[in-house]
Amino acid sequence: MKLKTILKIVVDIGMTVMSLLLMTYELIGEAAHEWFGIGMFALFIIHHILNRKWSRSVFKGKYTLLRIWQTVLVIGILITMAGSMYGGVILSKHALSFLPIEGGRAFAREIHMASAYCGSVLMSLHLGLHWSMMMGMAKRLVKEIPTAGKWVLRGIAALIAGYGVYAFIQREIGHYMFLQNQYVFFDFEEPLIFFLADYVAVMALFVWVSHYFSKGLRYIIQIRKTK
């Protein structure tokens, strides 16, 4: 495996972990949340530098349904990242407290919350888009899995995604995404691992949905080619 490919994987894993930790907010403290946010932004920049070839080709070539889906996700992530960073800078009380910024905190908090939760969902959908490629890489490292084993793994993935639906509703993530609730509730007596497990399940849900949605788009494209 090429060094650049390894670096891409490391950066993507780092962004995934950072995204989960950012959701914990008050459970880990405001200062840690701000520094994780800066780390997330740095990894985001590195990610785009490593994938600059894709960015250069945006206005080139033919757009298939799959490419449209990918581009929409990337644009959505760019918008939500910009919103998260804008809100984070305005609201910062620790890492960026030296900046002479006054006012606009109420609006910034709304932008930050909606961008953070929508961005997390979009990142999960983006990850699902490339899940087949990641599984292809994994196959190079492990022996061929029997057919029965593959179905067991698919069943486990479906169960996790199913629990993700429950966690999404129970944690009121949809309400935060669309600002129906403007303040996030945290149970400080709940073990952090339970909180993270629910958010991992929600992420898995959208990875699962995007993976099979993308497979459907690939199937449609293949049918069109054979006609």
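As shown above, the structure is provided for reference.
Conventions and cut-offs
Within any chain, residue numbers begin from 1 and follow the written order of that chain's sequence. With the structure being a predicted model, the display of local features is reserved for residues of pLDDT at least 70 and the display and counting of side-chain atom pairs for 80 or more, all residues being used for whole-chain, interface and lining totals. Side-chain measures here rest on the full set of heavy atoms in the structure, leaving out hydrogens and waters. Per the convention used, a helix needs a DSSP run of H or I reaching at least four residues, while a strand needs a run of E reaching at least two, with both numbered from the N terminus. Here the globule rule reads 2.2 Å times residues to the power 0.38, and the radius of gyration is calculated from C-alpha atoms. Each residue is assigned to one of three classes by its accessible area relative to the maximum for its type, calculated with a 1.4 Å probe on protein chains only: buried under 20%, partly exposed between the two thresholds, exposed over 50%. Note on contacts: a residue pair is in contact if any heavy atoms of the two residues lie within 4.5 Å. Residue exposure ignores everything except the shown protein chains as possible cover, and the areas themselves are Shrake-Rupley values with a 1.4 Å probe. Charged residues are defined here as Lys and Arg on the positive side and Asp and Glu on the negative side; His and the ends of the chain fall outside this count. In plain terms, the charge of a residue is placed at NZ if it is Lys, CZ if Arg, CG if Asp and CD if Glu. Salt-bridge detection follows one rule: a side-chain nitrogen of Lys or Arg within 4 Å of a carboxyl oxygen of Asp or Glu. To estimate the expected span of a helix, count its residues, drop one, and scale the result by 1.5 Å. In this description, a nonpolar core means a group of buried Ala, Val, Leu, Ile, Met, Phe, Trp, Tyr and Cys residues linked to one another through side-chain atoms lying within 4.5 Å. Any pair of nitrogen or oxygen atoms within 3.5 Å is treated as a polar contact; in protein, a donor-acceptor pairing is required on top of that, and neighbouring residues in sequence qualify only through side-chain atoms on both sides. With axes taken as lines fitted to C-alpha atoms, and helix axes fitted only over the stretch in contact, angles between N-to-C directions fall between 0 and 180 degrees. By the definition adopted for this analysis, an angle is roughly parallel if under 35 degrees, roughly antiparallel if over 145, roughly perpendicular if from 65 to 115, and oblique otherwise. Rotating anticlockwise by less than a right angle from the far helix to the near helix defines a left-handed crossing, while the corresponding clockwise rotation defines a right-handed one. Ten residues, namely Ala, Val, Leu, Ile, Met, Phe, Trp, Tyr, Cys and Pro, are considered nonpolar, four, namely Asp, Glu, Lys and Arg, are considered charged, and the remaining ones, Gly among them, are considered polar. Exposure above 30% relative accessible area and no salt bridge define the residues that can form patches, which grow by joining like charges within 9 Å and nonpolar side chains of Val, Leu, Ile, Met, Phe, Trp and Tyr within 5 Å.

Caption draft 1: Representation of the overall build of the protein within the structure. Scanning the protein from N- to C-terminus turns up nine helices and zero strands. Taken over the C-alpha trace, the protein has a radius of gyration of 19 Å; the compact-globule value for 227 residues is 17 Å, and the two agree within 12%. In terms of principal-axis extent, the alpha carbons of the protein reach across some 60 × 45 × 35 Å. The buried share of the protein, taken over its 227 residues, is 35%. Considering only contacts in the protein between residues 6 or more positions apart, those separated by 24 or more positions represent 76%. When the accessible area of the protein is evaluated, it comes to approximately 14300 Å², of which 70% is carbon and sulfur surface. Here the protein contributes 23 positively and 12 negatively charged side chains, and the mean placements of these two sets differ by 27 Å.

Caption draft 2: Focus on the pattern of salt bridges. This structure, assessed with the given rule, holds three salt bridges. Residue Glu190 is joined to Arg171 by a salt bridge in which the shortest nitrogen-to-oxygen separation is 2.5 Å. One end of the pair, Glu190, is in the loop between helix 8 (173-177) and helix 9 (192-226); the other, Arg171, is in the loop between helix 7 (147-170) and helix 8, with 19 residues separating them in the sequence. Overall, the relative accessible area of 16% leaves Arg171 in the buried class. A cluster of three or more residues bridged by salt bridges with shared partners is formed by Arg171, Glu190 and Asp198.

Caption draft 3: Main features of helix 7. Under the 1.5 Å per step criterion, the end-to-end length of helix 7 is 35 Å for 24 residues, consistent within 8% with the ideal 34 Å. Every buried residue of helix 7 is listed here: Ala161, Gly164 and Ala167. Elements that come into contact with the buried residues of helix 7 comprise helix 9. Glu172 lies just past helix 7 and shows a positive phi near 55 degrees.

Caption draft 4: Layout of unusual backbone geometry. If you check the backbone angles, Tyr25 has positive phi at about 35 degrees while not being a glycine. Turning to its location among the elements, Tyr25 is positioned in the loop between helix 1 (3-22) and helix 2 (30-50). You can call Tyr25 partly exposed: its relative accessible area is 27%. A positive phi angle is found at Glu172, which is not glycine, with a value near 55 degrees.

Caption draft 5: The arrangement of the nonpolar core in detail. Among the nonpolar cores identified, the biggest contains 40 residues, and Met15, Met40, Trp69, Tyr117, Leu125 and Tyr199 are the most heavily contacted of them. Only helix 1, helix 2, helix 4 (65-91), helix 5 (105-129), helix 7, helix 8 and helix 9 provide two or more residues apiece to this core. With ten residues, helix 9 is the largest single contributor of residues to this core. Setting aside residues no more than four positions away along its own chain, Met15 makes contact with Met40, Leu43, Phe44, His47 and Met123.

Caption draft 6: Focus on the side chain of Ser92. With respect to the helices and strands, the residue Ser92 is situated in the loop between helix 4 and helix 5. Classification of Ser92 as buried rests on a relative accessible area of 11%. Looking at Ser92, its side chain comes within polar contact range of the side chain of Glu34, at 2.8 Å. A polar contact is formed between the side chain of Ser92 and the backbone nitrogen of Leu96, at a distance of 2.9 Å. Those residues within four positions of Ser92 in sequence are excluded, and the remaining contacts are Glu34 and Ser97.

Caption draft 7: Layout of the packing of helix 1 against helix 9. Relative orientation of the contacting elements helix 1 and helix 9 amounts to 125 degrees, with a least axis distance of 10 Å. Taken together, helix 1 and helix 9 sit at an angle that is classed as oblique. Crossing of helix 1 over helix 9 shows right-handed handedness. Contact residues: helix 1 offers Thr16, Ser19 and Leu20, while helix 9 offers Leu196, Tyr199, Val200 and Met203. Taken together, the residues of the contact of helix 1 with helix 9 break down into five nonpolar, two polar and no charged.

Caption draft 8: Quick peek at a nonpolar patch on the surface. Together, Tyr63, Leu65, Ile68, Val72, Tyr219, Ile220 and Ile223 make up an exposed nonpolar region whose accessible area comes to about 600 Å². Taken together, the elements giving at least two residues each to the nonpolar patch come down to helix 4 and helix 9. If you trace the backbone, Tyr219 turns up in helix 9.

Caption draft 9: Summary view of the environment of Gly88. Along the polypeptide, Gly88 turns up in helix 4. For the pair Gly88 and Ile38, spaced 50 residues apart in the sequence, the C-alpha separation amounts to 8.9 Å.

Geometric values such as these leave the question of function open.
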